[in-house]
Amino acid sequence: MRGGGKFVSEEIVRNAVDTLYANIRFSDLDGDLRSIVVTSSVPNEGKSTVSILLAEAMANSGMKTLLLECDLRRRSLAGMLNAHPGGAGLFAVLSGQVRLSEAVVSTRQQNLRFLDAEPNIPTPGDLLDSDRFSRLLASLERSFDYVVIDTPPLGAFVDAAILAARADATLLVVREGLARRSELAAAKNQLDKAGARLLGIVMNRCQTDISNYRYLGTTA
């Protein structure tokens, strides 16, 4: 990986993600945090990468974790995970075509499961805002220690705000030097209006004032 134009070692990345996960656990004093939305203000800030790395860190610590594809307009997690769900995903579960257990698949990471979404799902916003989705999310929260939800950017569609309102907490990924201040302010305002719990901001590909680069900086 590269950050700020220089090579970033896997160790630095993993250490940063472990710090992010530790900060999340420290903020969850009551132990009731189960579902976490990962979003951004604009595209290409690295939210899907953060979603995967965070879910892997949770699973690696022994937590039973589900990674949920909810960027229904630009799916990417299956390819990044090299997971092959076999065609049945979120829409098939919500429409009653398959059982949840048939759609959730294993990954190469122990304790990490994945629920994909099919391509070309009609009216994604309506689907995510439905009672059926709410019931599914509640079921997943009962079955897993953590549910990590990857969403579209807040500035692109309403989907992320809908999901943030339903989930226990939200992380906002910000890539240094990409999003403008006005876009970040608009994203924060959108989350506030949705009643979302913003757990923190994840600075991605940020340069520090030390001799190396930290791929993720966290304020969660």
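Described in the following lines is the structure provided in the data block. (Residues numbered from 1 in each chain as written. Predicted model: local features only at pLDDT ≥ 70, side-chain atom pairs only at ≥ 80, totals over all residues. Heavy atoms only, no water.)

1. Let's talk about the overall build of the protein chain
Phase 1: Across its full length, the protein chain holds nine helices and ten strands.
Phase 2: Here the protein chain holds 220 residues, and the buried ones make up 50% of them.
Phase 3: For the protein chain, long-range pairs separated by at least 24 residues make up 77% of all intrachain contacts whose partners lie at least 6 apart in sequence.
Phase 4: By element, 46% of the accessible surface of the protein chain is carried by carbon and sulfur atoms, the whole surface being about 10,400 Å². (Helix = DSSP H or I, 4+ residues; strand = E, 2+ residues; numbered from the N terminus. Buried < 20%, exposed > 50% of the residue type's maximum accessible area, 1.4 Å probe, protein only. Contact = heavy atoms within 4.5 Å. Areas by Shrake-Rupley, 256 points an atom, 1.4 Å probe, with all protein chains shown as cover.)

2. Examining the layout of surface pockets
Phase 1: Looking at the largest pocket, its volume works out to about 300 Å³.
Phase 2: As for the largest pocket, its lining consists of 18 residues, of which N44, K47, S48, D71 and R74 are closest to the centre.
Phase 3: Here the lining of the largest pocket takes three residues from helix α2 (residues 47-60), the largest share from any one element.
Phase 4: Split by residue class, the lining of the largest pocket holds seven nonpolar, six polar and five charged. (1 Å grid on protein atoms, 1.4 Å probe; cavity = no way out; pocket = protein on both sides within 12 Å on 5 of 7 lines; lining within 4 Å. Points joined across faces, edges and corners; volume = space filled by probe spheres on them. Nonpolar A, V, L, I, M, F, W, Y, C, P; charged D, E, K, R; others polar.)

3. A look at the pairing of strand β4 (residues 65-69)
On a regular strand, one side chain projects to one face of the sheet and the next to the other, so that they alternate.
Phase 1: In terms of burial, β4 is largely enclosed, as five of its five residues are buried.
Phase 2: Burial along β4 is two-sided: T65, L67 and E69 and L66 and L68, pointing in opposite directions, are all buried.
Phase 3: Examined bridge by bridge, β4 and strand β6 (residues 112-115) share four bridges and lie parallel to one another. Each bridged residue has a counterpart across the sheet, and for L67 the counterpart in β6 is F114.
Phase 4: Relative to strand β7 (residues 146-150), β4 runs parallel, the two sharing five bridges. The residue of β7 that forms the bridge with L66 is V147. (Pairing = 2+ DSSP bridges.)

4. Overview of the side chain of T151
Phase 1: Mapped onto the fold, T151 is located in the loop between β7 and α8 (159-166).
Phase 2: Since its relative accessible area comes to 0%, T151 is described here as buried.
Phase 3: A polar side-chain atom of T151 sits 3.1 Å from a polar atom in the side chain of T39.
Phase 4: Contact partners of T151, with chain neighbours within four places excluded, come to V37, V38, T39, K47, C70, D71, A160 and L163. (Polar contact = N/O pair within 3.5 Å; in protein donor to acceptor, adjacent residues only side chain to side chain.)

5. Description of the packing of helix α1 (residues 10-27) against α2
Phase 1: Interaxial distance between α1 and α2 falls to 9 Å at its minimum, and their mutual angle equals 70 degrees. The orientation of α1 relative to α2 falls into the category roughly perpendicular. Taken together, the residues of α2 that come into contact with α1 (itself represented by V13, R14, V17, D18, L20, Y21 and I24) are V50, L53, L54, E56, A57 and M58.
Phase 2: Residue composition of the contact of α1 with α2, grouped by class: ten nonpolar, no polar and three charged. (Axes fitted to C-alpha atoms, helices over the stretch in contact; angles between N-to-C directions. Parallel < 35°, antiparallel > 145°, perpendicular 65-115°, else oblique.)

6. A look at the pairing of strand β3 (residues 35-40)
Phase 1: Taken across its six residues, β3 has six buried, putting it largely inside the fold.
Phase 2: Residues S35, V37 and T39 point to one face of β3 and I36, V38 and S40 to the other, with burial holding for every one of them.
Phase 3: The pairing of β3 with β7 spans four bridges and is classified as parallel. Opposite V37, over in β7, you have I149 as the bridge partner.
Phase 4: Across five bridges, β3 lies against strand β8 (residues 169-175) in parallel orientation. Its bridge partner lying in β8, T39 is registered against L172.

7. Structural notes on the packing of aromatic side chains
Phase 1: Tallied over the full model, the rule gives one aromatic pair.
Phase 2: Relative to Y146, the ring of Y21 lies with its centre 5.9 Å away and its plane at 85 degrees, an arrangement referred to as edge-to-face. One end of the pair, Y21, is in helix α1; the other, Y146, is in strand β7, and 125 residues separate them in sequence.
Phase 3: The aromatic ring of Y21 is capped on one face by R25, whose charged end is 4.8 Å from the ring centroid. (Phe/Tyr/Trp six-rings, centres within 6.5 Å; stacked < 30°, edge-to-face > 60°. Lys NZ or Arg CZ within 6 Å of the ring centre and 35° of its normal.)

By themselves, these figures tell us nothing about what the structure is for.
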